[in-house]
Amino acid sequence: MKLYDLEVSGNCYKVRLFAALAGIELELIPVDFMAGEHKQDPVIAMNPLGQLPVLSDGATQLRDSQAILVYLARKYADDCWYPQSPEQQGEIMQWLSTAANEIQHGPGAARLVDKFGFELDKANAVATANSILPIIETQLSQHQWLALDQPTIADCAVMPYIGLSHEGGVSLDRYPNIQAWINRIKALPGFISMPAL
Ligand SMILES: N[C@@H](CCC(=O)N[C@@H](CS)C(=O)NCC(=O)O)C(=O)O
């Protein structure tokens, strides 16, 4: 099973992290982003959006880190990472959606501006970060893990761009429960890190 991968991408790291925690073997295929390889075959043939990560598993090709987490969890991982009940899946999905929206467009976008020089609206990204982080802080002041009583793919999806938020000038100093949660994830068996985390 191949993951078309970019080391500094938090979206790619979500998948690498979950695979490591769940004991799923991935063959990493590094994609040269600076050379524009993500806009060329084979990536563009599998993902017309020209974005990473892309997972290739036999006849199955998937884009979007959240979709890949769901697929890997259902197909290859212990049930606890994405349990079967509609209530639990709903809890998890709302956080996957938060990862793809407020987190990506908040701390994720602020990092793209500061670290990689993207011409995005930094003030809007910081404002989005400042609106979602207190909500996550409140959730984690009452729960050890984001969605359920145990770690799930929701934690894998949401943590990376929050853990990297300092690279976008967004501080976690005011969020002790978020910091403690990141440390709990770092203490999970099989945890792997990424640059700057
Ligand atoms: N919703 C997608 C977003 C993927 C994404 O934005 N990937 C970035 C790298 S982190 C990318 O490939 N950007 C290139 C582009 O948008 O042209 C996911 O969660 O995987």
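All of these numbers come straight from a predicted model, not from anything done at the bench.

(A) Representation of the overall build of the protein chain in the model. Per the secondary structure count, the protein chain includes seven helices and four strands. Seen in sequence order, the protein chain has helices and strands lined up from the N terminus as β-α-β-α-β-β-α-α-α-α-α. Rg of the C-alpha trace for the protein chain: 16 Å, near the compact-globule value of 16 Å for 197 residues, within the 12% margin. For the protein chain, the C-alpha atoms occupy an extent of roughly 45 × 40 × 25 Å along the three principal directions. By the burial criterion, 49% of the 197 residues in the protein chain qualify as buried.

(B) Representation of the packing of aromatic side chains in the model. For the structure on display, the rule yields two aromatic pairs. Ring centres 5.3 Å apart and planes at 75° place the aromatic pair F18 and W81 in the edge-to-face group. Highlighted residues: F18 in helix α1 (residues 10-22) and W81 in the loop between α3 (65-76) and α4 (86-116), separated in sequence by 63 residues. For W81, a relative accessible area of 11% corresponds to the buried category. Seen from their ring centres, Y71 and Y76 are 6.4 Å apart, and the 80° between their planes marks the pair as edge-to-face. Of note, R184 hangs over the ring of W145, and the distance from its end group to the ring centre comes to 5.7 Å.

(C) Looking closely at the pattern of salt bridges. By the definition in use, this model includes five salt bridges. Ionic pairing is found between D114 and K122, a salt bridge with its closest N-O pair at 3.1 Å.

(D) Quick peek at the domain arrangement of the protein chain. Taken domain by domain, the protein chain consists of domain 1 (2-78) and domain 2 (80-186). Listed by partner, the interface residues are 17 residues for domain 1 and 20 residues for domain 2. Roughly 1600 Å² of surface becomes buried between domain 1 and domain 2 when both sides are summed, with 68% attributable to carbon and sulfur atoms. Area buried by domain 1 at its contact with domain 2 is led by Q66, R74 and D78, which between them contribute 29% of it.

(E) Local environment of the pairing of strand β4 (residues 60-63). Summarising the sheet, strand β3 (residues 54-57) and β4 pair through four bridges and their orientation is antiparallel. In the strand pairing of β4, S56 is matched with Q61. Linkage of β3 to β4, two consecutive antiparallel strands, is achieved through a turn of two residues, within which G58 is found at a positive phi near 60°.

(F) Structural context of unusual backbone geometry. The linkage connecting D41 with the following residue, P42, adopts the cis geometry, with an omega of 10°. Within the secondary structure layout, P42 lies in the loop between β2 (27-30) and α2 (43-46). In this chain, L52 is followed by P53 through a cis amide linkage whose omega measures 5°. Mapped onto the elements, P53 comes out in the loop between α2 and β3. Positive phi outside glycine occurs at D64, with the angle close to 80°.

About the thresholds
- The residue numbering used here restarts from 1 in each chain and proceeds along that chain's sequence as written.
- Selection of residues for local features in this predicted model requires a pLDDT of at least 70, selection of side-chain atom pairs for listing and counting requires 80 or more, and totals for whole chains, interfaces and linings are taken over all residues.
- Heavy atoms from the whole structure form the basis of all side-chain values; hydrogens and water molecules are not counted.
- Here a helix means four or more residues in a row that DSSP labels H or I, a strand means two or more in a row labelled E, and each is numbered from the N terminus.
- Both definitions apply: the radius of gyration is a C-alpha atom measure, and the globule rule equals 2.2 Å times residues to the power 0.38.
- Burial classes follow relative accessibility: with a 1.4 Å probe on protein chains only, a residue under 20% of its type's maximum area counts as buried, one over 50% as exposed, and anything between as partly exposed.
- Aromatic contacts are taken between Phe, Tyr and Trp rings whose centres are within 6.5 Å, Trp giving its six-membered ring; a plane angle under 30 degrees counts as stacked, one over 60 as edge-to-face, and the others as tilted.
- Here, a charge over a ring is recorded when the distance from Lys NZ or Arg CZ to the ring centre is within 6 Å and its angle to the ring normal is within 35 degrees.
- In the sections that follow, a salt bridge refers to a side-chain nitrogen of Lys or Arg positioned within 4 Å of a carboxyl oxygen of Asp or Glu.
- Segmentation of the chain into domains, including their bounds, is taken from an automatic or database domain assignment.
- Working rule for contacts: check all heavy atoms of both residues, and any pair within 4.5 Å makes them a contact.
- The term buried area refers to how much accessible surface (probe radius 1.4 Å) is lost by two components on association, counted for both of them together.
- A pair of strands is considered paired only if DSSP assigns at least 2 bridges between the two.

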